[in-house]
Each structure stands twice: as structure tokens, then as C-alpha cells.
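Examination of the molecular architecture
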Amino acid sequence: MKTLNFPRITTHVLQEMKLKGEKISMLTAYDYSMARIIDHAGIDVILVGDSASNVMAGHKTTLPITLNEMIYHASSVMRAVERALVVVDLPFGTYQGNSREALNSAIRIMKESNANAVKLEGGREIKESIDRILSAGIPVMGHLGLTPQSINKFGTYVVRAKEEEEAQRLKEDAKLLEEVGCFAIVLEKIPASLAKEVTGNIKIPTIGIGAGSKVDGQVLVIHDMLGINQDFSPRFLRRYHNLYEEMKGAVEMYIKDVKSLDFPNEREQY
Ligand code: KIV
């Protein structure tokens, strides 16, 4: 089975891919033009990540982005996408500790952006919120390991769950997320051996970022993999382009042409 044959990717297609051993490709997008390119290239899942807070808005963490801002990004992406499954992050402060608020936040995302699913960071501590969102028929993707919305608790972006206690908790949380009905789980920055074990223990797909190759799929932030953002170069990142330099070079040429009166020429005017 090749997913390119599917006219539209659904959560059921992802489940089928896991069963058949076909890897799931996932990238972030936050705007119409980027989402259109990624979708046309044949990506399986587009994540409207709260990493928009960093790469689109220039914040140091994912914490400041608001629900309204996420809905703006998600609806821009949805206007472009014809095939990929679109998952949207519930931002910090819109689902933790209050399942009624969590449901309202998820409903706003689904109603106002037309997205296909939401993603929440955490395990047992947000079970009630996940239960409530699922009960409204909204598909939920989980996210375990390095959960950037908890950066103030962690204090650092280092690899998580290297110690037995945290690894055990993560394994239990993955099982719990499967049992409550999540359709997939992102595993961020954990040892490859742990990601492999979790992937083998649950029936829903795992999508890794810095979690090795023995997971059911991979996700990267588009600005990192295209080399637009050069400030971030963790070991797990593969850079497929150097768009920062290419775009800067093009802008420098434009400035030079304007200053030297080379642009516009005779053919570029009316
Ligand atoms: O917000 C995001 O981009 C994410 C990915 C890194 C998984 O959550």
C-alpha cells in the first residue's frame, strides 16, 4: 500500500499504515502557501504546531501563542490542503486542569478552522481533558517525552526519560493514551530504545522527533528542515536545504538591482 494512492488521509489510513509497516511523514505548516507546497509534495500529516510561537512570531517558547492565533494559522493551512490530515496543537493554558475549557478550545479549533484533529501535550494529568474532547467526536493526537509547553518545569530542552522512573511513566502514559482513544502519539526527544519499546507495545502509530528510527513516522518543523531557521541545530535535525542563505542572497540581489536602476527594465514596465 502506498499512501499516495489515497485521495485523503484520515486517522484510519494512519492506523492502516502502521499495520502494513509504511512510515508516516509529518511536517509542520502555519500558512497557506507553505501548506500548499507540502500537501502537493504528498505529505501524510500536517501539524499546525504551537512551534508557530517560535518560528512565526519570534517568541522564545511555545507558551505565549493564543487560541485565536492558532485558529488563524490553522484556517490558513486548511484553505490550502486537499490531501493531508491536518492536526492542530491546543496551545498552553487552553486545556490543562479544566476539561470543560479543553473541550471548548478543541471545539473552537474544529469549528473555526475546519481542521481534522487536535494535539495535546501530556499523559495521565490531562486524561479528563482528552476523554471529554474525544466524547465530542474530535480525534486526539497525544504528545509525550519532551513536551515544550512544560519547559519551565523541565528547565532545559535535553533528552527526556533517560532514567528508569521517567521511562516507566512514559510507557504507562502511552498505554493510557491508547486506551482512552488517541489515534497517534508524538514521541519527542527520548532514547531510541524507549521509543522502539513504546511503538511495539501499542497499536496506534507513534510519530518521532528525536526518537530514532523504530517509530511509525517522523515529524520535523518545516523552518528547521528547510534551513530557514538556522539558530536551532539539535542532533536529530536533518537539514534538506539552506533557504536562509538562498533567500538572503535573492533579497541582496534585488536591493542591488533597485539601487543600480537595473530593476525594472524596459520589459518590466507598462
Ligand atoms: O509544535 C510543534 O511543532 C510540535 C512538533 C515539534 C512535534 O509539537
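Report follows, based on the coordinates. Nothing here was measured: the structure is a model prediction, and the numbers come from that model.

In this fold, Gly137 is placed in the loop between α6 (127-135) and β5 (140-145). Along the primary structure Gly137 and Ile107 are separated by 30 residues, whereas in three dimensions their C-alpha atoms are 9.8 Å apart.

This brings us to the sheet that holds strand β7 (residues 206-209). Pairing is parallel around the closed barrel formed by eight strands, whose spatial order is β1-β2-β3-β4-β5-β6-β7-β8. Across this sheet, the average inter-strand angle for adjacent strands is 25 degrees, counted without regard to direction. Judged from the two bridges that link them, β7 and strand β8 (residues 217-220) form a sheet pairing that is parallel. Within the sheet, the bridge partner assigned to Ile207 lies in β8 and is Gly217. Contacts from helix α8 (residues 164-180) reach β5 and β6 (184-188) within the one sheet, and its direction differs from that of β5 by about 175 degrees.

Glancing now at the packing of α8 against helix α9 (residues 192-201). The interhelical angle for the contact between α8 and α9, taken along N-to-C directions, is 30 degrees, at an axis separation of 10 Å. On the basis of their axis angle, the class for α8 and α9 is roughly parallel. Along this stretch, α8 crosses α9, giving a crossing that reads as right-handed. Seen from α8, the contacting residues are Ala167, Leu170, Lys171, Ala174, Lys175 and Glu178; seen from α9, they are Leu194, Glu197, Val198 and Asn201.

Attention now moves to the site of the ligand. Around the ligand lies a shell formed by Thr28, Leu47, Gly49, Asp50, Ser51, Asp89, Lys119, His143, Val186, Ile209 and Val221. Here an oxygen atom of the ligand and a side-chain polar atom of Asp50 are 3.0 Å apart. Contact between the ligand and Ser51: an oxygen atom at 2.5 Å from a side-chain N or O atom of the residue. Relative to its unbound accessible area of 260 Å², the ligand is 95% covered by the protein chains. For the shell around the ligand, the class distribution of residues is four nonpolar, four polar and three charged.

On to the side chain of Thr94, then. Here Thr94 shows up in the loop between β3 (85-89) and α5 (99-113). In this structure the side chain of Thr94 is engaged in a polar contact, spanning 2.7 Å, whose partner is the backbone oxygen of Pro91. Once you skip the residues sitting within four places of it in the chain, Thr94 turns out to touch Leu67, Glu101, Ala102 and Ser105.

Conventions adopted
Residues numbered from 1 in each chain as written. Predicted model: local features only at pLDDT ≥ 70, side-chain atom pairs only at ≥ 80, totals over all residues. Heavy atoms only, no water. Helix = DSSP H or I, 4+ residues; strand = E, 2+ residues; numbered from the N terminus. Pairing = 2+ DSSP bridges. Axes fitted to C-alpha atoms, helices over the stretch in contact; angles between N-to-C directions. Contact = heavy atoms within 4.5 Å. Parallel < 35°, antiparallel > 145°, perpendicular 65-115°, else oblique. Left-handed = near helix turned anticlockwise from the far one by under 90°. Near = heavy atom within 4 Å. Polar contact = N/O pair within 3.5 Å; in protein donor to acceptor, adjacent residues only side chain to side chain. Areas by Shrake-Rupley, 256 points an atom, 1.4 Å probe, with all protein chains shown as cover. Nonpolar A, V, L, I, M, F, W, Y, C, P; charged D, E, K, R; others polar.

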